[in-house]
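Here are the chains, one letter per residue:
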Amino acid sequence: MSLPTNLSYTEEHEWIEDRGEISRIGITEHAAGALGDIVFVQLPEVGDQIESGQACGELESTKSVSDLFAPVTGEVVAINESVVDDPAVVNADPYGEGWLIEVRVTETGATLTAQQYSELINE
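This text gives an overview of the structure that appears in the document. Remember, it's a predicted structure, so these values are computed and weren't measured experimentally.

Okay, the nonpolar core next. The biggest cluster of nonpolar side chains holds 23 residues, and the ones touching the most others in it are I27, L43, I50, L100 and I101. Broken down by secondary-structure element, the contributors of at least two residues to this core are strand 3 (22-27), helix 1 (29-35), strand 4 (38-42), strand 6 (55-61), strand 8 (72-79), helix 3 (88-92) and strand 9 (101-108). Setting aside its immediate chain neighbours within four residues, I27 contacts H13, E14, W15, A32, L35, I38, L59, L68, V90, P94 and L100. Counting residues in each nonpolar core, the second largest holds 11 residues, with L3, A78, Y95 and W99 among its members.

Regular strands place side chains that alternate from one sheet face to the opposite one. One ladder, built from two bridges, connects strand 1 (residues 8-9) with strand 2 (residues 14-19); its direction is antiparallel. In the sheet register, Y9 faces strand 2, and the bridge partner there is W15. Remark: two residues form the turn of the hairpin made by strand 2 and strand 3, two consecutive strands paired antiparallel; G20 in that turn has positive phi of roughly 90°.

Before going further, it helps to spend a moment on the packing of aromatic side chains. Throughout the structure, instances matching the rule amount to two aromatic pairs. For the ring pair Y9 and Y117, a centre distance of 5.0 Å and an interplane angle of 15° mean the geometry is stacked. Remark: Y117 occurs in helix 4 (residues 114-121) and Y9 occurs in strand 1; sequence separation between them is 108 residues. Look at Y9 and you get buried, because its relative accessible area is 0%. Take Y117: its relative accessible area is 0%, and that puts it in the buried class. Ring geometry for W15 versus Y95: centroids 6.3 Å apart, planes at 50°, classification tilted. Of this pair, W15 sits in strand 2 while Y95 is found in the loop between helix 3 and strand 9, placing the two residues 80 residues apart along the sequence.

This part covers the sheet that holds strand 4. If you trace the three strands from one edge of the open sheet to the other, you get 4-6-7, paired in antiparallel fashion. Since the sheet does not close on itself, it has two edges, and those belong to strand 4 and strand 7 (65-69), each with one partner. The average angle at which neighbouring strand axes cross in this sheet is 25°, direction not considered. Summarising the sheet, strand 6 and strand 7 pair through five bridges and their orientation is antiparallel. Pairing of L59 across the sheet is with S66, part of strand 7.

What counts, and where the lines are drawn
- Residues numbered from 1 in each chain as written.
- Predicted model: local features only at pLDDT ≥ 70, side-chain atom pairs only at ≥ 80, totals over all residues.
- Heavy atoms only, no water.
- Core = buried A, V, L, I, M, F, W, Y, C linked by side-chain atoms within 4.5 Å.
- Buried < 20%, exposed > 50% of the residue type's maximum accessible area, 1.4 Å probe, protein only.
- Helix = DSSP H or I, 4+ residues; strand = E, 2+ residues; numbered from the N terminus.
- Contact = heavy atoms within 4.5 Å.
- Pairing = 2+ DSSP bridges.
- Phe/Tyr/Trp six-rings, centres within 6.5 Å; stacked < 30°, edge-to-face > 60°.
- Axes fitted to C-alpha atoms, helices over the stretch in contact; angles between N-to-C directions.

See below:
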């Protein structure tokens with residue numbers, strides 16, 4: 001599994017793409033694989049305030065329901081409607097079309113580099 005090096009990662013298996021004032025957030029390929037086939041995605045609403053480390057959504061798979069933890073604090077400015085309509089997109093392309101939310105960030109929580117995340121999931 002290759003990890004994009006331009007992203008930051010969390011111990012809860014989210015990724016963050018810093019796009020300046022706005023960050024795009026999703027779950028890692030490792031998380032998507034562990035969940036199995038994702039069948040339902042619940043995301044925060046545009047305008048919601050989320051707080052780093054707190055649950056801000058859910059992903060339901062054929063195996064279980066998992067919380068989506070906010071890796072940043074800020075205001076949700078966009079949600080990916082295509083993953084709400086077709087959750088399988090998260091499994092198919094977790095680092096691309098399967099992104100989940102975009103946030104106007106006021107604070108970023110603890111993050112890992114691609115190398116550090118790789119070491120975490122391969123322990």
